[in-house]
Amino acid sequence: MRTHTVRLAIAQINPTVGDLRGNEELIMHYLDRIKGFDVDLIAFPELAVTGYPPEDLLMKPHFIQDNLKAIGRIGKAVKDVVAVIGFVDKKGGRLFNAAAVAYEGKIAGVYHKMRLPNYGVFDEKRYFSEGKAPLVFGLGSLIVGVNICEDIWHSSGPLSVQAKKGAKLIININASPYHAGKSQEREAMITRQARTHRVALCYANIVGGQDELVFDGASMVTDTTGVIISRAEAFKEDLTMADVKITLRRAPDRKQAIRISGWLPRVKNAYVLTKTTKPLGPQEEIYEALRTGLYNYVAKNGFRQVVIGLSGGIDSSFVALLATDALGKDNVIGVFMPSRYSSKESMLDASLLASNLGIKFIQISIEQIYRIYLLMFEPHFLGSERGIAEENLQARIRGNILMTLSNKFGWLPLSTGNKSELSTGYTTLYGDMAGGFAPIKDVPKTLLYRLAQHRNSRGLIIPERVFTKEPTAELRHGQKDRDTLLPYEVLDPILKAYIEQDLDQAHIASLGFSASDVQKAIQLVDGSEYKRRQSPPGVKITPRAFGRDRRMPITNKYRE
């Protein structure tokens with residue numbers, strides 16, 4: 001019986017999709033950072049070279065070749081440490097989601113992902129072929145297995161084969177996107193797999209935002225009993241190291257293992273402080289996901305400043321607070337655009353919010369241009385009562401103002417619609433839906449209030465009246481959201497059941513909701529698909545977001 005101590009490092013990096021040179025430099029940077037720490041093995045995330053998901057970039061032959069050149073250069077730079085790095089491999093005209101095992105200036109082995117996810121936000125079978133065989137390699141007398149993301153979720157997947165081949169350490173590299181509760185699901189799965197197969201497990205996840213997706217990182221290392229001995233920061237780039245003790249009770253069968261020639265267990269001279277990062281609470285976790293997604297979308301797309309239409313309501317107040325936390329107060333501009341229907345309280349609340357945040361505040365009245373529009377349409381609207389056309393005209397004027405400011409100053413407009421509004425179509429196409437990014441499009445209204453109160457608990461930013469006044473679009477005298485929608489505390493659970501859980505009308509009603517309320521909510525959702533298809537991207541924080549997750553046809557006559 002022999003005991004090995006293996007020093008592992010996880011480079012939890014934030015690559016940018018398509019930035020092959022930048023991602024290569026980022027990987028090289030982390031290879032430099034571990035020098036002097038006597039690290040035996042370092043793991044980088046899934047598709048670290050290309051960024052995740054590269055989508056139809058994978059159909060560009062030059063992109064594939066440039067990615068192969070990059071992993072070749074990285075392999076040459078790896079010296080006295082074993083590095084596992086995600087990239088795209090090409091064999092016989094087929095593409096593979098791959099992990100390179102690099103050591104002493106060469107690629108010693110390559111693993112092809114065997115379980116390709118093709119559900120929810122994943123489209124891997126559109127691009128990749130499935131790998132055929134698990135990979136194990138020998139570090140001295142220790143057998144190590146390498147697999148990728150989805151591979152580890154299956155009890156009969158590559159992990160079980162690798163364990164049977166004698167692997168006592170498993171390196172699993174990931175691009176596992178976030179949704180609320182995912183970190184707990186993931187941690188339970190990792191500890192269960194480690195305990196079941198009696199292997200130490202190194203789980204290396206990507207971090208950062210990519211369009212709608214956010215990757216939370218939270219990489220971890222377990223021992224062979226499933227106990228987490230190291231956990232990286234959530235929502236931050238991080239380098240975490242851990243010493244893993246592995247006891248070999250019998251000599252492993254190394255016949256099918258790739259040998260890493262020349263490797264010897266090294267004496268650990270440097271001291272490594274194992275991270276004991278605590279998981280974030282539920283609301284803090286979601287807030288950090290939103291902040292990370294917003295920051296990365298703005299920064300990775302070359303913007304610096306954002307502009308937000310402030311109404312004095314909870315949605316725009318929360319987006320302004322989120323943007324200030326993500327980008328800094330000097331990079332956020334709030335614009336209040338009152339009409340004849342705007343209350344004095346709304347103006348005071350928007351102004352106070354901007355003052356509390358320290359952001360630039362602009363007031364542009366839409367009353368004059370609104371009056372001109374009404375005069376222009378007057379001969380065409382003769383005989384009809386004022387209604388939704390006149391109401392939505394105000395929202396579209398405001399959308400035009402924000403887009404014009406964007407054109408003039410390069411500010412990215414942030415749309416402020418929440419998931420409850422987008423679900424039911426309670427939003428104006430080319431009006432308040434206008435913008436380049438919608439940070440809260442996957443946040444239900446009731447959750448938004450909880451997140452705002454949680455953030456306000458760290459210091460009063462959003463005025464208290466914003467939480468207590470009844471939600472209103474202020475597009476006509478006395479207007480309230482409840483005139484059109486169900487109360488949000490009733491509406492949001494129905495929407496969750498219908499959109500995220502795919503429950504039918506009768507099932508939802510059986511949960512304690514009136515049949516008429518359920519029918520009304522479903523009709524609003526089904527009739528608003530054309531609007532949602534034209535909405536800007538936004539951060540995914542629920543298990544089923546609009547867009548990549550839920551893809552309903554616009555032209556659709558099916559009804560229960």
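See the structure shown above.
Residues numbered from 1 in each chain as written. Predicted model: local features only at pLDDT ≥ 70, side-chain atom pairs only at ≥ 80, totals over all residues. Heavy atoms only, no water.

Could you give an account of helix H2 (residues 61-77), with specific residues and numbers?
Counted at 1.5 Å a residue, the expected span for H2 with its 17 residues is 24 Å, and the 25 Å between its end C-alpha atoms agrees. Here H2 has its buried residues at Phe63, Ile64, Asn67, Ala70, Ile71, Ile74 and Gly75. Projected down its long axis, H2 shows its buried positions confined to an angular sector of 135°, all on one face. Along H2, the residues that are exposed and aim more than 90 degrees away from the buried face are Pro61, His62, Lys69 and Lys76. Turning to H2, the residues buried within the fold contact helix H1 (20-33), strand S3 (82-91), strand S4 (94-103) and strand S5 (106-112). (Helix = DSSP H or I, 4+ residues; strand = E, 2+ residues; numbered from the N terminus. Expected span 1.5 Å × (residues − 1). Buried < 20%, exposed > 50% of the residue type's maximum accessible area, 1.4 Å probe, protein only. Arc of directions from axis to C-beta. Contact = heavy atoms within 4.5 Å.)

Quick one: what's the story with the state of the cysteines, residue by residue and with numbers?
Counting across every chain of the model gives zero disulfides. Left unpaired, Cys202 is separated from the closest cysteine sulfur, that of Cys149, by 14 Å. (Disulfide = S-S within 2.5 Å.)

So what's going on with the pairing of strand S18 (residues 360-363)? Residues and values would help.
Pairing between strand S17 (residues 332-336) and S18: four bridges, direction parallel. The residue of S18 that forms the bridge with Gly334 is Phe361. Regarding the hand of the β-α-β motif, the stretch spanning S17, helix H8 (residues 344-357) and S18 is right-handed. (Pairing = 2+ DSSP bridges. Right-handed = clockwise from strand over helix to strand, strands pointing away.)

A description of the packing of helix H14 (residues 488-500) against helix H16 (residues 515-526) should follow, citing residues and the corresponding values.
Remark: H14 packs on H16, axes separated minimally by 10 Å, with the N-to-C direction vectors making an angle of 60°. The angle between H14 and H16 falls in the class oblique. With respect to the hand of their crossing, H14 and H16 are arranged in right-handed fashion. Of H16, the residues touching H14 (which contributes Val490, Leu491, Ile494, Leu495, Tyr498 and Ile499) are Asp517, Val518, Ala521, Ile522, Val525 and Asp526. Grouping the constituent residues of the contact of H14 with H16 by class yields ten nonpolar, no polar and two charged. (Axes fitted to C-alpha atoms, helices over the stretch in contact; angles between N-to-C directions. Parallel < 35°, antiparallel > 145°, perpendicular 65-115°, else oblique. Left-handed = near helix turned anticlockwise from the far one by under 90°. Nonpolar A, V, L, I, M, F, W, Y, C, P; charged D, E, K, R; others polar.)

Help me get a handle on the environment of Ala509, residues and values and all.
Along the chain, Ala509 turns up in helix H15 (residues 505-510). Take Ala509: its relative accessible area is 23%, and that puts it in the partly exposed class. Along the backbone, Ala509 and Gln519 are ten residues apart, and their C-alpha atoms lie at a distance of 9.0 Å. When neighbours within four sequence positions are excluded, Ala509 is seen to be in contact with Ala515 and Val518.

Please provide a residue-by-residue account of the nonpolar core, values included.
Of all hydrophobic cores here, the largest spans 45 residues; its most connected members are Leu290, Phe318, Leu414 and Ile541. For this core, the elements supplying multiple residues, two or more each, are helix H6 (282-300), strand S16 (306-310), helix H7 (314-327), S17, H8, strand S19 (412-414), helix H12 (445-456) and helix H13 (464-468). Of the residues forming this core, the biggest block, nine residues, is contributed by H7. Not counting chain neighbours up to four residues away, the residues in contact with Leu414 comprise Leu294, Val306, Val307, Ile308, Val319, Ala323, Phe437 and Pro439. Counting 43 residues, the second largest nonpolar core, distinct from the first, contains Ala11, Ile13, Val39 and Leu116. (Core = buried A, V, L, I, M, F, W, Y, C linked by side-chain atoms within 4.5 Å.)

Could you give me a rundown of the side chain of Arg186, with the residues and numbers involved?
Note that Arg186 resides in helix H5 (residues 182-197). Judged by its relative accessible area of 1%, Arg186 is buried. Excluding residues that lie within four positions of it along the chain, Arg186 makes contacts with Trp153, Ser176, Pro177, Tyr203, Asn205, Asp216, Gly217 and Ala218.

I'd love a proper account of H1, names of residues and values included.
Between its terminal C-alpha atoms H1 stretches 20 Å, which fits the 20 Å expected from 14 residues at 1.5 Å a residue. Buried positions along H1 lie against strand S1 (2-12), strand S2 (41-43), H2, S3 and strand S14 (238-248).

So what's going on with the sheet that holds S2? Which residues, and what values?
Hydrogen bonds along the backbone pair up the strands of a sheet, which may run parallel or antiparallel. Taken together, six strands build an open sheet; the order of strands is S5-S4-S3-S2-S1-S14 and the sheet is mixed. The open sheet terminates on both sides in strands that have one partner only, identified here as S5 and S14. Across the sheet, the mean angle separating the axes of adjacent strands is 35° when strand polarity is ignored. As judged from the three bridges shared by S1 and S2, these two strands associate in the parallel manner. The residue of S2 that forms the bridge with Ala9 is Ile42. Here H1 sits on the sheet in contact with S1, S2, S3 and S14, set at roughly 60° to S14.

Break down the packing of aromatic side chains for me, citing the residues and quoting the values.
Evaluation of the coordinates by the stated rule reveals eight aromatic pairs. Aromatic side chains Tyr287 and Phe318 sit 5.8 Å apart centroid to centroid with 85° between the ring planes, which places their arrangement in the edge-to-face category. Here Tyr287 is found in helix H6, whereas its partner Phe318 is found in helix H7, with 31 residues between them in sequence. Judged by its relative accessible area of 1%, Tyr287 falls in the buried class. Their ring planes at 20° and their centres at 4.1 Å tell us that Tyr297 and Phe437 sit as a pair that is stacked. On the criterion of sequence distance, the pair formed by Tyr297 in helix H6 and Phe437 in the loop between helix H11 (419-424) and H12 is long-range, its members being 140 residues apart. Of the residues examined, Tyr297 reaches a relative accessible area of 14% and is grouped as buried. (Phe/Tyr/Trp six-rings, centres within 6.5 Å; stacked < 30°, edge-to-face > 60°.)

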